[in-house]
Amino acid sequence: MRNSFSRRRFGLGCAGMGVSALAGLPITAQATSIPELMEREPPMLETLKWAPHVHKAIQTVINANGQYSTTYNPQRRPYVVVDWNNTAIVGDVQETLFLYMLEHFSFLMRADEFRHLIHVHAFAHPLPAPFMNMGGKPVSFPVLVDDLIEDYRALAARYGHMPHPLPTDVLAKDVTLQAFRARMAFCQQAVAALHGPEAAQRWMIRLVAGQTAADVIALSRAANEWCLGASITQQTWECPAERPGKAGPVAAKVVQALRLTPEMANLFQILQEHGIDPVICTSGMEDITALFATSAEYGYNLPREHVFGARLAEHKKILLSTEVSHYPFPADAGKTALIHKYFVAKRQMPPLMIFAGEDCSAHMLEAFPETKLNCLINRKQSAPMQKFLQKAAQSASGTTPRRFYLQGRDENTGEWLPEEGSILLGETNSSLPT
């Protein structure tokens, strides 16, 4: 016997709407007998904006392995592993929180702790191009850190006694805040370019140190609401001329984009109706991902125990800038280790399918050659991921079953496209990875 779930339906336009547009009843469960299953048609994935080849292939795998098939074993339930950022949603909840914290100066660390954290990846020689100041001169990381600390001390002294997050009207004309956020975004992008997306992600996550998990969840909820209700835009943050710092004024382009993905919400529902467990494994912070993934309000309705992400250590309920020991950081080999520990070891099988859109999923894609289908979000990704995107693109025109598929999207609207090509931000025509 298994649980039967009442299906929630999603309109095509909801990817560009706020949370209220997706409000609905939570999933309810009732017992369903095997004879009843035999008499009914298997639940079907809604068409929505899936690429047709991808939609057909996913449904075929679900039908062949779910509880409506003759080979289904309820004691070894199949499971599907899904990235959260840029996969189950459009955008990245960790980056959204990071930008929100910069916009509202939501930091509670002491200045010396802040210095230690952001100095982790610093090295003495100048940063390579394109990480130059606005005057075209090289920027030294230690000098940039000095500028950031000066900004941080000034802002903490000015606003430290006020409740967080600070309202934007208080900060709108503060040149110190404008300089701080530009330098921080510049620094994060330099870390990503020089040390990889995993290093940049860990760097961002540790910035919440000094707060409680409840504080961070509340901040993330506010950040999600703020970004879901805003246009998808690319902005340039610049240090004001009156606050150049020792390194000289720097600038950074930031993208503010967060959208719900009804196709993935419906997939999660259909998988569960077939007795297949959707599992989130993301490099983002676990608590803020679970806020999204388990919510009926957002439309995803996943069990909390199936959401895995990054975890910070705590002391007396205060988050530290160190990660939980003996728990892999969920990026690259860490993702694979988590899946092996919590699912492969217990269910004696690899993931049935993998849906990947994060920059740090290449190791996972390589580690499970028996996985029947890998669906990759067509977007610019890290070099290790690019080879899988190219592999999927090379066979995109074929109709025979294959292991790697591409799903396209329009980055300007945040909606998926019913094809394997994607329209990248600022462009008008769709393209495949080359």
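Conventions we followed
- Residues numbered from 1 in each chain as written.
- Predicted model: local features only at pLDDT ≥ 70, side-chain atom pairs only at ≥ 80, totals over all residues.
- Heavy atoms only, no water.
- Buried < 20%, exposed > 50% of the residue type's maximum accessible area, 1.4 Å probe, protein only.
- Helix = DSSP H or I, 4+ residues; strand = E, 2+ residues; numbered from the N terminus.
- Pairing = 2+ DSSP bridges.
- Axes fitted to C-alpha atoms, helices over the stretch in contact; angles between N-to-C directions.
- Core = buried A, V, L, I, M, F, W, Y, C linked by side-chain atoms within 4.5 Å.
- Domains from an automatic or database assignment.
- Contact = heavy atoms within 4.5 Å.
- Polar contact = N/O pair within 3.5 Å; in protein donor to acceptor, adjacent residues only side chain to side chain.
- Phe/Tyr/Trp six-rings, centres within 6.5 Å; stacked < 30°, edge-to-face > 60°.
- Lys NZ or Arg CZ within 6 Å of the ring centre and 35° of its normal.
- Nonpolar A, V, L, I, M, F, W, Y, C, P; charged D, E, K, R; others polar.
- Disulfide = S-S within 2.5 Å.

**Student:** Is there a simple way to explain the pairing of strand S14 (residues 404-407) in this structure?
**Tutor:** Moving residue by residue along a regular strand, the side chains alternate between the two faces of the sheet. Alternating positions in S14 separate into two faces, Phe-404 and Leu-406 on one and Tyr-405 and Gln-407 on the other, with burial throughout. Two strands pair when backbone bridges link them, and strand S13 (residues 373-377) and S14 are joined in this way by four bridges, in the parallel orientation. Note on S14: the bridge partner recorded for Leu-376 is Leu-406.

**Student:** What's the story with the environment of Gln-272 in this structure? I'm lost.
**Tutor:** Tracing the backbone through its elements, the reader meets Gln-272 in helix H11 (residues 262-273). Along the primary structure Gln-272 and Tyr-79 are separated by 193 residues, whereas in three dimensions their C-alpha atoms are 9.6 Å apart.

**Student:** Whenever I open this one, unusual backbone geometry confuses me. Can you help?
**Tutor:** Outside of glycine, negative phi angles account for most residues, and trans bonds account for most peptide bonds. The linkage connecting Ala-129 with the following residue, Pro-130, adopts the cis geometry, with an omega of 10 degrees. The topology assignment puts Pro-130 in the loop between helix H5 (111-118) and helix H6 (141-159). Of note, the phi angle at Asn-301 is positive, near 60 degrees, even though the residue is not glycine. Topologically, Asn-301 is positioned in the loop between helix H12 (286-293) and strand S9 (307-310).

**Student:** Would you explain the sheet that holds strand S12 (residues 353-356) in this entry?
**Tutor:** Either a parallel or an antiparallel arrangement is found when strands of a sheet pair, and the pairing is made through backbone hydrogen bonds. Ordered by their spatial adjacency, six strands build an open sheet running S9-S8-S3-S12-S13-S14, and the pairing between neighbours is parallel. Each of the sheet's edge strands pairs with one partner strand only, and the pair in question is S9 and S14. Adjacent strand axes in the sheet meet at a mean angle of 15 degrees when their direction is disregarded. With four bridges joining them, S12 and S13 adopt parallel strand pairing. From the neighbouring strand, Ile-354 faces S13, where its bridge partner is Asn-374.

**Student:** How should the nonpolar core be read in this particular structure?
**Tutor:** Within soluble globular proteins, side chains that are nonpolar generally end up buried alongside one another. One finds Phe-180 and Tyr-300 to be the most contacted residues of the largest nonpolar core, which totals 103 residues. The element contributing the most residues to this core is helix H8 (residues 175-195), with 10 residues. A domain-level breakdown of this core finds at least three residues from each of domain 1 (43-89 + 260-431) and domain 2 (93-258). Beyond its immediate sequence surroundings of up to four residues, Phe-180 is in contact with Leu-102, Phe-105, Phe-107, Phe-114, Leu-148, Asp-151, Tyr-152 and Leu-155. In terms of nonpolar packing, the next biggest core, distinct from the first, is built from 25 residues, Ile-339, Phe-343, Ala-392 and Leu-406 among them.

**Student:** Any chance you could explain the side chain of Thr-261 here in plain terms?
**Tutor:** Within the secondary structure, Thr-261 sits in the loop between strand S7 (258-260) and H11. Note on Thr-261: relative accessible area 2%, which makes it buried. At 3.4 Å, the side chain of Thr-261 forms a polar contact with the backbone oxygen of Ala-88.

**Student:** Any chance you could explain the pairing of strand S10 (residues 312-315) here in plain terms?
**Tutor:** Two strands pair when backbone bridges link them, and S10 and strand S11 (residues 318-323) are joined in this way by three bridges, in the antiparallel orientation. Bridging across to S11, His-315 finds its partner in Ile-318. Joining the antiparallel neighbours S10 and S11 is a turn of two residues, in which Lys-316 adopts a positive phi near 50 degrees.

**Student:** What is the right way to read the packing of aromatic side chains from this model?
**Tutor:** Remark: the centre distance and the inter-plane angle together describe each pair of aromatic rings, the angle taken between the planes. If you walk through the whole model with that rule in mind, you get 23 aromatic pairs. With centroids separated by 5.6 Å and ring planes inclined at 55 degrees, the aromatic side chains of Trp-84 and Phe-292 adopt a geometry described as tilted. With Trp-84 in helix H3 (residues 84-88) and Phe-292 in helix H12, this residue pair connects regions lying 208 residues apart in the sequence. Like Phe-292, Trp-84 is buried. Ring geometry for Tyr-152 versus Phe-180: centroids 6.1 Å apart, planes at 50 degrees, classification tilted. Of this pair, Tyr-152 sits in helix H6 while Phe-180 is found in helix H8, placing the two residues 28 residues apart along the sequence. Each member of the pair Tyr-152 and Phe-180 is classed as buried. One aromatic cluster is present, formed by Trp-84, Phe-268, Phe-292, Tyr-298 and Tyr-300 through successive ring pairs. The positively charged end of Arg-202 is found above the aromatic ring belonging to Phe-329, 4.5 Å away from the centroid.

**Student:** Can you help me understand the packing of H8 against helix H9 (residues 197-205) in this one?
**Tutor:** Pairs of packed helices are described in terms of their axes, by the angle between the two and the distance that separates them. Following both chains from N to C, one finds H8 and H9 inclined at 145 degrees, their axes separated by 6 Å at the closest point. Here H8 contributes Met-184, Cys-187, Gln-188, Val-191, Ala-192 and His-195 to the contact with H9, which in turn contributes Pro-197, Ala-199, Ala-200, Trp-203 and Met-204. Grouping the amino acids of the contact of H8 with H9 by side-chain chemistry returns nine nonpolar, two polar and no charged.

**Student:** Help me understand the state of the cysteines, please; the structure alone is not making it clear to me.
**Tutor:** Cysteine pairs can be covalently joined through their sulfur atoms, and such a bond is termed a disulfide. Taken as a whole, this structure holds zero disulfides when the rule is applied. Looking at Cys-360, it has no disulfide partner, and the nearest cysteine sulfur is the one in Cys-281, 8.7 Å off.

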